[in-house]
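# Close look at the chain arrangement
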Amino acid sequence: RRGASLTDLAEKIGVDAASLVQVLFHLGEMVTATQSVSDETLEILGAELEYNIEVVSPEDEDRELLESFDVDFGEDLGDEDDLAARPPVVTVMGHVDHGKTKLLDAYRKSNVVSGEAGGITQKIGAYQVEANVDDQDRKITFIDTPGHEAFTAMRARGAKSTDIAVLVVAADDGVMPQTIEAMNHAIAAEVPVVVAVNKVDKPAADPTRVRGQLSEYGLVPEEYGGDTQFVDVSALTGQGLDELLEAIVLTADAALDLRANPDMPAQGVAIEAHLDKGRGAVATVLVHRGTLHIGDSIVAGSAHGRVRAMINDLGENITEAPPSMPVQVLGLTSVPGAGDNFLVVEDDRVARQIADKREARMRAAQQAKSSRRKTLDQLFEQ
Ligand code: GTP
Ligand code: MG
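Residues numbered from 1 in each chain as written. Chains lettered and ligands numbered in written order. Predicted model: local features only at pLDDT ≥ 70, side-chain atom pairs only at ≥ 80, totals over all residues. Heavy atoms only, no water.

## Let's talk about the pairing of strand β16 (residues 326–332)
For β16, the tally of buried residues reaches 7 of 7 residues, placing the bulk of the element in the interior. Bridge count between strand β10 (residues 280–289) and β16: 6 bridges; the pairing is antiparallel. In the strand pairing of β16, Val 282 is matched with Leu 330. As paired strands, strand β13 (residues 303–311) and β16 are joined by 4 bridges and run antiparallel to one another. (Buried < 20%, exposed > 50% of the residue type's maximum accessible area, 1.4 Å probe, protein only. Helix = DSSP H or I, 4+ residues; strand = E, 2+ residues; numbered from the N terminus. Pairing = 2+ DSSP bridges.)

Okay, here's the thing in structure tokens:
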């Protein structure tokens, strides 16, 4: 397990932790019994003691748990013949105030920006937009992320559940710290980036400078011989908005095989969740594969329940959500964590069992962490 200490290992293999400390000391590593050690150290120790130590990541552990309930998460898309095209999922990222939410407002003809406290996006939003590209009606799913530095984790989560990243850079401000951070999240997630150079209506706008700055970080515009599309836009005047949609669709069609089987039990990710006074736990989920239906038994992280109602991004009640559709789900017994996977299972009993196991595991991990912290604190007190 990640974050395991020599004490944990000692318990597992039934030896005394102090002797493990000594063995490592002789191998040239100084660690205390309660300090968490790297996977590598554990493996070295295993080899020395002739134990076969297998380090299992939390993800693998969870996969094993699901497999024990005959649930396969993620990989298997079913029969090639059953796959159907699905809309691209596009995460909008960038520095605070560079116009991410305003851009989506322009597409949706809505006004989310004016309703936000201090004009700062606090949670991930998800919307579907209709685009007409080459006389074809295409849907695009957009995920709006906060640009403020406090929201690193949310951006990382956004990047993970996404097909394409749109990096919004205000042409007057240019490249800023969260621009780079957002770009790095996209690169780490191996997601193609389209750059929207926004606010070109402003007198101080300098779109050329933005191209130069990002080139230095490896995002080289096509017009400079690179392979990144840059589109000048203004969320205020509407300039370039159609071109941006076109660039997104082009990127999706050229580089990605965006298909999913709509007939499987639904799986996806919870991108935001909260407790609503009247409605209970409300989770915004993004369906990756399959179709989510009212009445489905679901697990999301360590929350479980049955889908009681679903609400789309226009506030309408719907009865099913196909791949790539973001939807608010009511009916969970507790609030899942943002970024938790969600999946439909056979029945409520299985849903509860998986949720309970995850919950117990989480509690154990937390306990291990806090007891470790305690012993370290005691060390420093002496
Ligand atoms: P965070 O969510 O806090 O990271 O900000 P954001 O990137 O979502 O920025 P937001 O859309 O809230 O826009 C910030 C401010 O810039 C608002 O006052 C917008 O009206 C303004 N703005 C956004 N796009 C444009 C544009 O193209 N031109 C001009 N002139 N102003 C814009
Ligand atoms: Mg915003």
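## Quick word on the pairing of strand β5 (residues 164–170)
Along any regular strand the residues' side chains alternate between the sheet's two faces. The element β5 is extensively covered by neighbouring structure, given that 7 of its 7 residues are classed as buried. Neither face of β5 is left uncovered, since the one carrying Ile 164, Val 166, Val 168 and Ala 170 and the one carrying Ala 165, Leu 167 and Val 169 both have all their residues buried. Pairing of strand β2 (residues 89–94) with β5, which is carried by 5 bridges, proceeds in the parallel orientation. Residue Met 93 lies in a different strand from β5, and its bridge partner there is Leu 167. Summarising the sheet, β5 and strand β6 (residues 193–198) pair through 6 bridges and their orientation is parallel. Directly across from Val 168, in β6, lies its bridge partner Ala 196. The β-α-β motif built from β5, the intervening helix α7 (residues 177–188) and the parallel element β6 has right-handed crossover chirality. (Right-handed = clockwise from strand over helix to strand, strands pointing away.)

## Looking at the coordination of the magnesium ion (ligand 2)
Tetrahedral coordination by four donors places them ideally at 109.5 degrees to one another around the metal; octahedral coordination by six donors ideally gives 90 or 180 degrees. Ligation of the magnesium ion (ligand 2) by protein atoms is provided by Thr 101 (OG1) and Thr 121 (OG1), these donors lying 2.0 Å from the ion. In this pair, Thr 101 sits in helix α5 (residues 100–108) while Thr 121 sits in the loop between α5 and β3 (125–133), placing the two residues 20 residues apart along the sequence. You can call Thr 101 buried: its relative accessible area is 8%. (Donors = N, O, S within 2.8 Å, 3.2 Å for Na, K, Ca; no water.)

## Some remarks on the site of ligand 1
In the vicinity of ligand 1 there are 21 residues, among which Lys 100, Lys 102, Thr 121, Gly 147 and Asp 201 approach most closely. With respect to ligand 1, the side chain of Thr 101 contributes an N or O atom lying 2.9 Å from an oxygen atom. Taking Lys 102, its main chain carries an N or O atom lying 2.7 Å from an oxygen atom of ligand 1. Protein chains bury 86% of the 660 Å² of accessible surface belonging to ligand 1 in isolation. If you tally residues by element for the shell around ligand 1, the top one is α5, at 3 residues. Among the residues making up the shell around ligand 1, the classes are represented as 6 nonpolar, 9 polar and 6 charged. (Near = heavy atom within 4 Å. Polar contact = N/O pair within 3.5 Å; in protein donor to acceptor, adjacent residues only side chain to side chain. Areas by Shrake-Rupley, 256 points an atom, 1.4 Å probe, with all protein chains shown as cover. Nonpolar A, V, L, I, M, F, W, Y, C, P; charged D, E, K, R; others polar.)

## Concerning the packing of helix α2 (residues 17–26) against helix α3 (residues 39–49)
Two elements in contact, α2 and α3, have axes whose closest approach is 11 Å; the angle formed by their N-to-C orientations is 95 degrees. One finds that α2 runs roughly perpendicular with respect to α3. Along the contact surface, α2 presents Leu 20, Val 23 and Leu 24, while α3 presents Thr 41, Leu 45, Glu 48 and Leu 49. For the contact of α2 with α3, a count of residues per class yields 5 nonpolar, 1 polar and 1 charged. (Axes fitted to C-alpha atoms, helices over the stretch in contact; angles between N-to-C directions. Parallel < 35°, antiparallel > 145°, perpendicular 65-115°, else oblique. Contact = heavy atoms within 4.5 Å.)

## What about the environment of Lys 100?
When you line up the elements, Lys 100 lands in helix α5. Of the polar contacts made by the side chain of Lys 100, one reaches the backbone oxygen of His 95; its length is 2.8 Å.

## Let's talk about the pattern of salt bridges
Applying the stated criterion across every chain, the model contains 11 salt bridges. Note that Arg 138 and Asp 253 form a salt bridge whose closest N and O atoms lie 2.8 Å from each other. Of this pair, Arg 138 sits in strand β4 (residues 136–144) while Asp 253 sits in helix α9 (residues 241–255), and the two are 115 residues apart along the sequence. Two residues, Arg 306 and Asp 348, come together in a salt bridge whose shortest N-O distance is 2.8 Å. Residue Arg 306 is located in strand β13, and its partner Asp 348 is located in helix α10 (residues 348–381); the two are separated by 42 residues in the primary sequence. For Arg 306, a relative accessible area of 45% translates into the label partly exposed. Accessibility expressed as a relative area gives 31% for Asp 348, which makes it partly exposed. Via salt bridges that share partners, Arg 211, Glu 223 and Asp 232 belong to a single interconnected network. (Salt bridge = Lys/Arg side-chain N within 4 Å of Asp/Glu carboxyl O.)

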